[in-house]
Amino acid sequence: MIEYKFALSEYPNDLQTICRNELKLDDDFLFIAGPCCIESEQQIEEIAKYVKKTNANVLRGGAFKPRTSPYSFQGLGKEGLEWLSIISKEFNIPVITEILDVRDIEIVAKHVDILQVGARNMQNFPLLKELGKLSKPILLKRGLSATIEEWLGSAEYIFCGGNRNVILCERGIRTFSDYTRNTLDLSVVPIIKNLCKIPIIVDPSHGTGVSNIIENMCLSAIMAGCDGIMIEVHNNPQIALSDKDQALTFEQLSSLDRSVSDLLVYKRRRKENFENRNYRGN
Ligand code: PEP
Ligand code: MN
């Protein structure tokens, strides 16, 4: 086991503390929804308007995109960040975007509430060290083939710089699966919960790459005990500039929203009943 001074201790802030202190949200479940990438002002506005009708409490949108091909759409960059922060104020919703390059930390941190470290950068140690100097929450995605030890080692880099606000995000790992883009490893949720206090959310959009199984995988993730979910949604998935096969339509988002709400109510009731039973001693 590698050395941990913070990741396995009481040091990391829990999700409720992060939500209250950093996002000004009185919530105990993170529901992040939005497009893979910001494509235009009108696109992000239309999506934000719909997202606001649901129980999603954070809007996502990529401005700097890590694409496999250098010829694919790379994101709108700073212009995208500006749209995202305007929309955040207009709709009064916190926003998250990916930070790709250590040179962009200042501008990204100025425009968003949560900075996302993508799977491809999970072990970009210079980037993690710099993010440790911020107090804004960092969503640390699991690397494409990272072990739990490696993932927690990366979280440790952020903690040891002084930033207590790390949220882990399971987004699927590489296996021989041929019907999904990745294999969503839901077993890490209870494992992380047993190991440490760091909040963990699940992203079935990248974890599966298949839009019509995302709702079921979100519900499974919630039953596995996650602190939140992140999904991609688009006003017109067929013409999305990235990740179109995994983008939910607005209708699919509504259906997911209803199922997630019902399941969260069920889980809270079950917890209350359990606590009452224990209290009465039977
Ligand atoms: C994303 O969230 O758009 C993304 C690129 O995710 P990942 O780093 O998990 O591939
Ligand atoms: Mn994506």
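Look a little higher up for the structure.
Our subject in this report is the structure included herewith. (Residues numbered from 1 in each chain as written. Chains lettered and ligands numbered in written order. Predicted model: local features only at pLDDT ≥ 70, side-chain atom pairs only at ≥ 80, totals over all residues. Heavy atoms only, no water.)

## Re the overall build of the protein
Helix and strand counts for the protein come out as ten helices and eight strands. Structurally, the protein occupies a C-alpha span of about 60 × 40 × 40 Å along its principal axes. Taking all 282 residues of the protein together, the buried fraction comes to 52%. Summed over its atoms, the accessible surface of the protein is roughly 13300 Å², and 49% of this surface lies on carbon and sulfur atoms. In the protein, 34 side chains carry a positive charge and 37 a negative one; their mean positions are 2 Å apart. (Helix = DSSP H or I, 4+ residues; strand = E, 2+ residues; numbered from the N terminus. Buried < 20%, exposed > 50% of the residue type's maximum accessible area, 1.4 Å probe, protein only. Areas by Shrake-Rupley, 256 points an atom, 1.4 Å probe, with all protein chains shown as cover. Lys, Arg positive; Asp, Glu negative; His and termini not counted. Charge placed at Lys NZ, Arg CZ, Asp CG, Glu CD.)

## Topic: the pattern of salt bridges
As enumerated under the stated definition, the model contains eleven salt bridges in all. The partner of aspartate 28 in a salt bridge is arginine 268, and the shortest N-O contact between them spans 2.9 Å. Of this pair, aspartate 28 sits in the loop between helix 1 (15–23) and strand 1 (30–34) while arginine 268 sits in helix 10 (residues 250–280); the two residues are 240 residues apart in sequence, bridging distant segments of the chain. When its relative accessible area of 37% is taken as the criterion, aspartate 28 is described as partly exposed. Judged by its relative accessible area of 39%, arginine 268 falls in the partly exposed class. For glutamate 170, the salt bridge identified is with arginine 142, shortest N-O distance 3.0 Å. (Salt bridge = Lys/Arg side-chain N within 4 Å of Asp/Glu carboxyl O.)

## Details of the coordination of the manganese ion (ligand 2)
Summarising the metal site, the manganese ion (ligand 2) is bound by the protein donors Cys36 (SG), His206 (NE2), Glu232 (OE) and Asp243 (OD), whose distances to it range over 2.0 to 2.4 Å. Along the chain, the residues donating to the manganese ion (ligand 2) fall in the pattern C-x169-H-x25-E-x10-D. Linking cysteine 36 in the loop between strand 1 and helix 2 (41–51) with aspartate 243 in the loop between strand 8 (228–232) and helix 10, this pair joins segments that are 207 residues apart in sequence. (Donors = N, O, S within 2.8 Å, 3.2 Å for Na, K, Ca; no water.)

## Some words on helix 10
The end-to-end C-alpha distance of helix 10, which contains 31 residues, comes to 45 Å, matching closely the 45 Å that a straight helix rising 1.5 Å per residue would cover. Listed as buried for helix 10 are Phe250, Leu253, Ser254, Leu256, Asp257, Ser259, Val260, Leu263 and Leu264. Buried positions along helix 10 lie against strand 1, helix 2, helix 9 (214–224) and strand 8. (Expected span 1.5 Å × (residues − 1). Contact = heavy atoms within 4.5 Å.)

## Examining the site of ligand 1
Contacts to ligand 1 come from 13 residues, most closely from Lys65, Ala119, Arg120, Lys141 and Arg171. With respect to ligand 1, the side chain of arginine 171 contributes an N or O atom lying 2.6 Å from an oxygen atom. Take glutamate 232: an N or O atom from its side chain is 3.4 Å from an oxygen atom of ligand 1. Protein chains bury 97% of the 290 Å² of accessible surface belonging to ligand 1 in isolation. Its residues placed into classes, the shell around ligand 1 shows three nonpolar, three polar and seven charged. (Near = heavy atom within 4 Å. Polar contact = N/O pair within 3.5 Å; in protein donor to acceptor, adjacent residues only side chain to side chain. Nonpolar A, V, L, I, M, F, W, Y, C, P; charged D, E, K, R; others polar.)

## Describing the nonpolar core
By size, the foremost hydrophobic cluster in this structure holds 67 residues, and its most contacted members are Leu140, Leu168 and Ile231. Excluding residues within four positions of it along the chain, isoleucine 231 makes contact with Phe31, Ile32, Ala33, Gly34, Arg60, Pro204, Ser205, Ile214, Cys218, Leu248, Leu253 and Leu256. Counting residues in hydrophobic clusters, the runner-up holds 15 residues, among them Leu15, Cys19, Leu25 and Ile32. (Core = buried A, V, L, I, M, F, W, Y, C linked by side-chain atoms within 4.5 Å.)

## Section: the sheet that holds strand 7 (residues 200–202)
Pairing in this closed barrel of eight strands is parallel, and the strands run 1-2-3-4-5-6-7-8 around the ring. Neighbour-to-neighbour, the strand axes of the sheet open up by a mean angle of 25°, direction not taken into account. (Pairing = 2+ DSSP bridges. Axes fitted to C-alpha atoms, helices over the stretch in contact; angles between N-to-C directions.)

## Let's talk about the pairing of strand 8
Counting buried residues in strand 8 gives five out of five residues, a clear majority hidden from the surface. Burial along strand 8 is two-sided: Gly228, Met230 and Glu232 and Ile229 and Ile231, pointing in opposite directions, are all buried. Looking at chain direction, strand 7 and strand 8 are connected through two bridges and run parallel. Counted as the bridge partner of isoleucine 201 is glycine 228 from strand 8.

## Some remarks on the packing of helix 2 against helix 10
Axis angle and axis distance: for two packed helices, these are the angle between their axes and the distance between the axes, and together they describe the pair. At a minimum axis separation of 11 Å, helix 2 and helix 10 run at an interaxial angle of 25°. Taken together, helix 2 and helix 10 sit at an angle that is classed as roughly parallel. Crossing angle aside, the handedness with which helix 2 passes helix 10 is right-handed. Across from Glu46, Ile47, Tyr50 and Val51 in helix 2, the residues of helix 10 making contact are Phe250, Leu253 and Ser254. Here the residues of the contact of helix 2 with helix 10 sort into five nonpolar, one polar and one charged. (Parallel < 35°, antiparallel > 145°, perpendicular 65-115°, else oblique. Left-handed = near helix turned anticlockwise from the far one by under 90°.)

## Digging into helix 6 (residues 148–160)
Under the 1.5 Å per step criterion, the end-to-end length of helix 6 is 18 Å for 13 residues, consistent within 8% with the ideal 18 Å. Listing the buried residues of helix 6 in full gives Ile148, Trp151, Leu152, Gly153, Ser154, Ala155, Glu156, Ile158 and Phe159. Those residues of helix 6 hidden inside the fold are in contact with helix 5 (125–131), strand 5 (138–141), strand 6 (166–170), helix 7 (188–195) and strand 7. The positive-phi residue at the C-terminal boundary of helix 6 is glycine 162, with phi of around 115°.

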